[in-house]
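Chain and residue survey
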Amino acid sequence: LSEVDPPEAFMDRFLFKHVRYNQKDIENISRGVANHHGIDNVDTLAVGFATVMGKSREKFAQGQIKKPLSIRDLSRGCTHSKDATCESVASWIADEGLDGMLMWNGDSGDIIKDSEVGVNQLRKELKDRCSDRP
């Protein structure tokens, strides 16, 4: 669900349940996704991804980015990374997967600078948390 309410006819067809964000739950789900894809260093990836997801939700709520991270982003990173390492998954998400979070000016099509700053902060933190380098 988002800030736009679906039409009543759509809402009537489903039983909606709001699932609240919980860092530990996202870590556990992330572990499952990473394990399913055979990614190494699952705990580092799960904690790093869940932490950055939480920060992306804050930036989204502040109107700085277009959408927050989701488990689908992690799954895509696991599927498309060059190898099955935590660092490679984080790099793929940071380099390829976060562009959809950028906001742009509807008239010019230019990326909004504050949005770019926010996305770049998320990119850096995700890469730093999952880096093999000390």
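Residues numbered from 1 in each chain as written. Predicted model: local features only at pLDDT ≥ 70, side-chain atom pairs only at ≥ 80, totals over all residues. Heavy atoms only, no water.

**A few points about the overall build of the protein**
The criterion, for reference: Helical segments are the DSSP runs of H or I of at least four residues, strand segments are the runs of E of at least two, and each set is numbered from the N terminus. Per-residue accessibility, obtained with a 1.4 Å probe over protein chains only, is compared with the maximum for each type, and a residue is labelled buried under 20%, exposed over 50%, and partly exposed between these values. Note on definitions: a residue-residue contact is assigned when non-hydrogen atoms from the two residues lie within 4.5 Å. Each accessible area is a Shrake-Rupley result for a 1.4 Å probe, and residues are judged covered by the shown protein chains and nothing else. Positive charge is attributed to Lys and Arg, negative charge to Asp and Glu, and no charge count is given to His or to the chain ends. Note that the charge is assigned to NZ on lysines, CZ on arginines, CG on aspartates and CD on glutamates.
Check the secondary structure of the protein and you find six helices and zero strands. Ordered by position from the N terminus, the helices and strands of the protein form the series α-α-α-α-α-α. Across its three principal axes, the protein shows a C-alpha extent of roughly 50 × 40 × 25 Å. Taking all 134 residues of the protein together, 34% fall into the buried category. Contacts in the protein between residues at least 24 apart in sequence constitute 62% of all its contacts with a sequence separation of at least 6. Carbon and sulfur atoms make up 49% of the accessible area of the protein, which amounts to about 8600 Å² in all. For the protein, the centre of its 19 positive side-chain charges and the centre of its 22 negative side-chain charges are spaced 3 Å apart.

**Some remarks on the environment of Arg72**
With respect to the helices and strands, Arg72 occurs in helix α4 (residues 71–80). Looking at Arg72, the relative accessible area reads 62%, which means it is exposed. When the C-alpha positions of Arg72 and Val33 are compared, they lie 9.5 Å apart, and in sequence the two are 39 residues distant.

**Comments concerning the layout of surface pockets**
To keep things clear, this is the line we draw: Throughout, the protein atoms alone are placed on a 1 Å grid, and a set of points is a cavity if a 1.4 Å probe fits but cannot get out or a pocket if it is open with protein on both sides within 12 Å along at least five of seven lines; lining residues have an atom within 4 Å of a point. Grid points are joined across faces, edges and corners, and a volume is the space filled by probe spheres set on the points.
Taken as a whole, the largest pocket encloses approximately 320 Å³ of empty space. Surrounding the largest pocket, 13 residues form its lining, Val19, Arg20, Tyr21, Ile26 and Arg57 being those nearest its centre. Taken together, the elements giving at least two residues each to the lining of the largest pocket come down to α2 (23–36) and α3 (42–61). The element best represented in the lining of the largest pocket is α2, accounting for three residues.

**A look at a nonpolar patch on the surface**
Condition: Without a salt bridge and with relative accessible area above 30%, a residue can belong to a patch; like charges are then joined within 9 Å and nonpolar side chains (Val, Leu, Ile, Met, Phe, Trp, Tyr) within 5 Å. The term salt bridge refers to a side-chain nitrogen of Lys or Arg lying within 4 Å of a carboxyl oxygen of Asp or Glu.
A surface patch of nonpolar side chains, amounting to about 280 Å² of accessible area, comprises Phe10, Phe14 and Phe16. Positionally, Phe14 belongs in the loop between α1 (8–11) and α2.

**Quick word on the side chain of Thr51**
Worth spelling out the cut-off: Pairing of N or O atoms within 3.5 Å defines a polar contact, subject to two protein rules: one partner must be a possible hydrogen donor and the other a possible acceptor, and residues neighboring in sequence count only if both atoms are side-chain atoms.
Inspection of the secondary structure assignment puts Thr51 in helix α3. Looking at Thr51, its side chain comes within polar contact range of the main-chain oxygen of Val47, at 2.8 Å. Apart from residues lying up to four places away in sequence, Thr51 is in contact with Gln23, Glu125 and Arg129.

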